[in-house]
Amino acid sequence: MAGCLRYAARPKFTTYYGCMSPMDSTTPSFSFTPNPAPVSPERRAELMANPGFGRVFTDHMATVSYTEGRGWHDAKVVPYGPLSLDPASSVLHYAQEIFEGLKAYRTPEGSVVMFRPDANARRFRDSAARMAMAELPEELFVGAIEALVRADRDWVPSGEGQSLYLRPFMISNDVFLGVKPASEYLFCVIACPVGAYFGGGCVSVWVSETYTRAAPGGTGAVKCGGNYAASLQAQAESKREGCDQVLFLDSREQRYVEEMGGMNVVFVDGDTLVTPPLGGTILPGITRDTLLMLARARGLKVEERPLPIDEVFEKAASGQFSEAFACGTAAVISPIGKLRRPTGEAVFGDGVTPGALSLSLKDELVGLQTGRGNDANGWVHRIL
Ligand SMILES: Cc1ncc(COP(=O)(O)O)c(C=O)c1O
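Everything numeric here is computed off the predicted structure, so don't read it as measured data. Per chain, residues are indexed from 1 in the order of the written sequence. For a predicted model such as this one, the threshold for reporting local features is a pLDDT of at least 70, and the threshold for listing and counting side-chain atom pairs is 80 or more; totals across whole chains, interfaces and linings nevertheless cover every residue. Think of the side-chain values as coming from all heavy atoms in the structure, minus any hydrogens and water.

Asks: Could you clarify how one ought to interpret the overall build of the protein in this entry?
Replies: Think of it this way: any DSSP run of H or I at least four residues long counts as a helix, any run of E at least two long counts as a strand, and we number them from the N terminus. If you tally the helices and strands in the protein, you get nine helices and 18 strands. Against the globule reference of 21 Å for 384 residues, the protein gives a C-alpha radius of gyration of 21 Å, in line with a compact fold. Among the 384 residues that make up the protein, the fraction classed as buried is 52%. By definition, residues are in contact when any of their heavy atoms lie within 4.5 Å. Contacts in the protein between residues at least 24 apart in sequence constitute 70% of all its contacts with a sequence separation of at least 6. Summed over all atoms, the accessible surface of the protein reaches about 16400 Å², with 52% contributed by carbon and sulfur. Positive residues here are Lys and Arg, negative ones are Asp and Glu, while His and the chain termini are left out of the count. Here the site of a charge means atom NZ of a Lys, CZ of an Arg, CG of an Asp or CD of a Glu. In the protein, 37 side chains carry a positive charge and 43 a negative one; their mean positions are 3 Å apart. Using C-alpha atoms as the atom set, the radius of gyration is obtained and then compared with a globule rule of 2.2 Å times the number of residues to the power 0.38. Burial classes: relative accessible area under 20% of the type maximum marks a residue as buried, over 50% as exposed, and values in between as partly exposed (1.4 Å probe, protein chains only). Only the protein chains shown count as covering a residue, and every accessible area follows the Shrake-Rupley method with a 1.4 Å probe.

Asks: Please explain the pairing of strand 3 (residues 71–79) as it appears in this structure.
Replies: Regular strands have side chains that alternate between both faces of the sheet. In terms of residue burial, strand 3 counts as a mostly covered element, since seven of its nine residues are buried. When strand 1 (residues 31–32) meets strand 3, the two strands line up parallel, connected through two bridges. Note on strand 3: the bridge partner recorded for Ser31 is Lys76. Here strand 2 (residues 60–67) folds back onto strand 3, and the loop between the two strands holds three residues, one of which, Gly69, carries a positive phi near 90 degrees. Only strands that DSSP links by at least two bridges are regarded as paired with each other.

Asks: Quick question: what am I supposed to make of helix 9 (residues 356–369) here?
Replies: To estimate the expected span of a helix, count its residues, drop one, and scale the result by 1.5 Å. Over its 14 residues, helix 9 runs 20 Å from end to end, which matches the ideal 20 Å to within 8%, given 1.5 Å per residue. If you check which residues of helix 9 are buried, you get Leu357, Ser358, Leu361, Leu365, Gly367, Leu368 and Gln369. Just beyond helix 9, the residue with positive phi is Gly371, at close to 75 degrees.

Asks: Looking at this structure, how should I read the site of the ligand?
Replies: Near is defined per residue: the residue qualifies when any heavy atom it owns lies within 4 Å of the molecule or strand. Near the ligand you find 16 residues, and of these Lys223, Tyr228, Glu259, Thr287 and Thr329 are the closest. A distance of 2.5 Å separates an oxygen atom of the ligand from a polar atom in the side chain of Tyr228. The definition of a polar contact used here is a pair of N or O atoms within 3.5 Å, where within protein one atom must be able to donate a hydrogen and the other to accept one, and adjacent residues in sequence count solely through side-chain atom pairs. Contact distances for the ligand include 2.6 Å between an oxygen atom and a side-chain N or O atom of Thr329. Compared with its free state, where it exposes 380 Å², the ligand has 95% of that area covered by protein. For the shell around the ligand, the secondary structure elements donating two or more residues are helix 7 (286–297) and strand 15 (321–328). Across the shell around the ligand, the residue classes tally to five nonpolar, seven polar and four charged. Note on residue classes: Ala, Val, Leu, Ile, Met, Phe, Trp, Tyr, Cys and Pro are nonpolar, Asp, Glu, Lys and Arg are charged, and everything else, Gly too, is polar.

Asks: How should I be thinking about the UniProt feature "modified residue: N6-(pyridoxal phosphate)lysine" (unreviewed entry) in the protein in this particular structure?
Replies: In the UniProt entry, the feature "modified residue: N6-(pyridoxal phosphate)lysine" (unreviewed entry) is given for Lys223. For Lys223, the position within the fold is in the loop between strand 9 (203–207) and helix 5 (225–229). Non-local contacts of Lys223, meaning those with residues more than four positions away in its chain, are made with Glu97, Ile98, Phe99, Glu100, Gly101, Arg123, Ser127, Tyr228 and Leu283. UniProt positions are given in the numbering used here, feature names are shortened, and annotations may be inferred rather than shown by experiment.

Asks: So what exactly am I meant to see when it comes to the domain arrangement of the protein here?
Replies: How big an interface is tends to be stated in terms of the accessible area lost upon association of its parts. Domain delimitation in this document rests on an assignment produced automatically or drawn from a domain database. Looking at the protein, the domain boundaries give domain 1 (2–194) and domain 2 (203–369). Inter-centroid distance (C-alpha atoms) of domain 1 to domain 2 is 29 Å. On the side of domain 2, 20 residues touch domain 1, which itself brings 20 residues to the contact. For the pair domain 1 and domain 2, the summed buried area comes to about 1600 Å², and 62% of that belongs to carbon and sulfur atoms. Accessible area that two parts lose when put together, evaluated with a 1.4 Å probe and summed over both, is termed the buried area.

Asks: What is the right way to look at the nonpolar core in this model?
Replies: If you look at soluble globular proteins, the nonpolar side chains tend to sit buried side by side. Counting 43 residues, the largest nonpolar core has Trp72, Phe141, Val149, Leu166, Met170 and Phe187 as its most contacted members. Broken down by element, the residue count for this core peaks at eight residues, all from helix 4 (residues 138–151). Apart from residues lying up to four places away in sequence, Phe187 is in contact with Ala62, Thr63, Val64, Trp72, Phe124, Leu136, Phe141, Ala144, Pro168, Phe169 and Met170. Remark: nonpolar core denotes a set of buried residues (Ala, Val, Leu, Ile, Met, Phe, Trp, Tyr, Cys) joined through side-chain atoms within 4.5 Å.

Asks: I'm lost on the side chain of Thr290 in this one. Help?
Replies: Mapped onto the elements of the fold, Thr290 is located in helix 7. By relative accessible area, which is 0% here, Thr290 ends up buried. Sequence-distant contacts of Thr290, defined by excluding residues within four places in its chain, comprise Phe115, Arg116, Leu365 and Trp379.

Asks: Just to check I follow, could you spell out the environment of Leu368 for this structure?
Replies: By secondary structure assignment, the location of Leu368 is in helix 9. Separated by 269 residues in the primary sequence, Leu368 and Phe99 place their C-alpha atoms 24 Å from one another. Look past the residues within four positions of Leu368 in its chain and what remains in contact with it is Phe115, Leu294, Gly373, Asn374, Asp375, Trp379 and Val380.

Asks: Hey, could you run me through the packing of aromatic side chains in this one?
Replies: Each aromatic ring pair is summarised here by two numbers: the centre-to-centre distance and the angle between the ring planes. Put simply, two rings from Phe, Tyr or Trp (the six-membered ring, in Trp's case) pair if the centres are within 6.5 Å, and we call them stacked under 30 degrees between planes, edge-to-face over 60, tilted for the rest. Summed over all chains, the structure comprises eleven aromatic pairs. An angle of 20 degrees between the planes, with centres 5.5 Å apart, marks the rings of Phe267 and Phe321 as stacked. Taken together, the residues Phe267 in strand 12 (residues 264–269) and Phe321 in strand 15 connect sequence positions 54 residues apart. Taking the relative accessible area as the measure of exposure, Phe267 reaches 0% and is therefore buried.

Asks: Sorry if this is basic, but what is going on with empty space enclosed by the protein here?
Replies: Any empty space left between atoms is shown by rolling a water-sized probe over those atoms. For each structure, a 1 Å grid was placed over the protein atoms alone; sets of points admitting a 1.4 Å probe that cannot get out are labelled cavities, open sets with protein on both sides within 12 Å along at least five of seven lines are labelled pockets, and lining residues have an atom within 4 Å of a point. Grid points are joined across faces, edges and corners, and a volume is the space filled by probe spheres set on the points. Throughout the structure, instances matching the rule amount to two cavities of 30 Å³ or more. Considered as a void within the structure, the largest cavity measures approximately 110 Å³ in volume. Lining the largest cavity, in full, are Gly101, Leu102, Lys103, Tyr105, Phe115, Asn120, Ile286, Thr287, Thr290, Thr329, Leu365 and Gln369. Counting only elements with at least two residues in the lining of the largest cavity, the list comes to strand 5 (102–106), helix 7 and helix 9. When residues of the lining of the largest cavity are assigned to domains, at least three map to each of domain 1 (2–194) and domain 2 (203–369).

Encoded structure:
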């Protein structure tokens with residue numbers, strides 16, 4: 001599908017975004033239709049004072065369409081609003097849907113940056129490939145987000161722990177009930193100001209022996225909506241058991257740690273971080289990848305290896321695994337106080353106080369993400 005990609009004719013567009021020249025036929029440009037009734041500055045300030053997570057949305061959204069034979073076209077930023085879908089749209093029946101999650105941050109100087117958006121763009125392509133969907137060029141993925149953030153710049157919060165959460169997603173929208181890869185897709189980006197995802201303490205985690213998340217050959221390594229629908233009963237089980245989150249084990253033997261519903265998981269063993277390896281059933285988290293690189297740069301060791309859940313319980317009991325944390329874009333690092341399963345509990349540290357290494361890695365990463373660190377790896381992507 002990549003071979004037939006092209007962008008719609010330039011004259012259609014009224015506003016160009018980005019530092020790229022509109023004359024360059026390989027770079028995206030977006031038309032802009034301003035929202036005729038944007039949220040007032042007073043109401044916006046009220047909403048942004050306590051936005052929660054994923055409830056408050058900005059004034060605009062970015063969309064790009066794909067049609068087989070024509071490629072990507074109609075890149076635009078338009079007022080945020082409902083999508084009109086035919087009831088026979090294939091996404092409603094066969095769930096060709098993928099998404100991403102990343103954030104834009106306000107720096108202390110007032111500019112706006114993203115962190116490693118190219119990595120999200122690559123993962124989005126990988127997700128599309130696995131789900132037999134049209135692959136969105138990486139510059140179009142990043143360009144759509146930039147165009148939206150520029151339009152909604154006033155929605156990027158500056159409070160402690162706050163950011164603008166960006167949700168790019170793609171659906172198939174063929175009007176056809178046959179089971180086959182669609183020939184039409186809609187890519188869309190929406191944005192919402194968010195506060196801290198979890199509180200400051202430790203989370204408790206239920207180890208599900210009832211449900212698994214991903215099987216070899218399945219879709220565990222990509223970000224398709226179906227993975228999350230399938231995790232909801234397990235999440236409900238964890239709530240019934242009095243826990244905040246669920247940890248999944250491998251589907252073959254129910255013996256090895258995989259990941260949580262929306263985060264990767266890492267254990268601290270002295271000066272070594274131990275985490276399950278990527279291998280098809282775990283989402284390759286960008287936070288995980290970044291933290292492992294930061295840890296290595298500090299001289300810590302990293303073991304990516306199959307990790308039996310029994311070993312975790314034994315090493316928590318002996319104190320060898322002194323800390324555990326979950327990591328992902330939404331919460332960055334969530335220290336884990338306790339793991340629970342039907343036969344017992346594993347406690348890390350005193351079970352309530354976040355571990356020192358978890359906190360210092362979180363500080364380092366948040367500093368980088370918000371433009372306050374030394375960006376030696378060129379991870380910070382400035383938008384404004
Ligand atoms: C299943 C799952 N694992 C891990 C992660 C962490 O990925 P990232 O660090 O890229 O946000 C996420 C969140 O995107 C997720 O949904």
